[in-house]
Amino acid sequence: MAGLGLMCRATINEQFGSGDLVAQSDAYRLNIDVLGPSWVSCDRVRVYVNGVLIKDLAVNEAPAPGIRAYHMTWLPKLTHDAHVVVIATGPGVDGLYWPVAKS
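Before going into details, it helps to say that this report is about the structure given with it. (Residues numbered from 1 in each chain as written. Predicted model: local features only at pLDDT ≥ 70, side-chain atom pairs only at ≥ 80, totals over all residues. Heavy atoms only, no water.)

Turning our eyes to something else, we now look at the overall build of the chain. Each helix and strand counted, the chain has zero helices and six strands in total. Helices and strands in the chain line up, N terminus first, as β-β-β-β-β-β. Among the 103 residues that make up the chain, the fraction classed as buried is 24%. Sequence separation of 24 or more characterises 64% of the internal contacts of the chain that already satisfy a separation of 6 or more. Total accessible area computed for the chain in this model is approximately 7000 Å², and 54% of it derives from carbon and sulfur atoms. (Helix = DSSP H or I, 4+ residues; strand = E, 2+ residues; numbered from the N terminus. Buried < 20%, exposed > 50% of the residue type's maximum accessible area, 1.4 Å probe, protein only. Contact = heavy atoms within 4.5 Å. Areas by Shrake-Rupley, 256 points an atom, 1.4 Å probe, with all protein chains shown as cover.)

The next point concerns the sheet that holds strand β6 (residues 84-89). Read from one edge to the other, the open sheet built from three strands follows the order β4-β3-β6, with strand pairing classed as antiparallel. The open sheet has two edge strands with one neighbour each: β4 (52-58) and β6. Within this sheet the neighbouring strands show an average axis-to-axis angle of 15°, counted without direction. Relative to β4, strand β3 (residues 44-49) runs antiparallel, the two sharing six bridges. Bridge pairing in β4 links V45 to L57. (Pairing = 2+ DSSP bridges. Axes fitted to C-alpha atoms, helices over the stretch in contact; angles between N-to-C directions.)

Everything listed is a geometric property; what it means functionally is a separate question.
Structure representation (structure tokens):
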């Protein structure tokens, strides 16, 4: 897991996390917790399976400190091994207390 203000914690079927091998199942449930301090907000969560974007969620709630949870109730039917990546992004921070080089 990595983050620059926002960090995603994802679990599959409420027990498997980052780096775990998930047991075969008829259905998969992905739970996403986006963590961040009060001065950072999240406006988009993207889910990739094997490098392919499968879900692009717009987040329309007001910024709040701590954990923000976004729950997906499905992943596509998987017939073989897969890597799942979750990325949360936001509008950025403009305050002078957060000097980060812009691309």
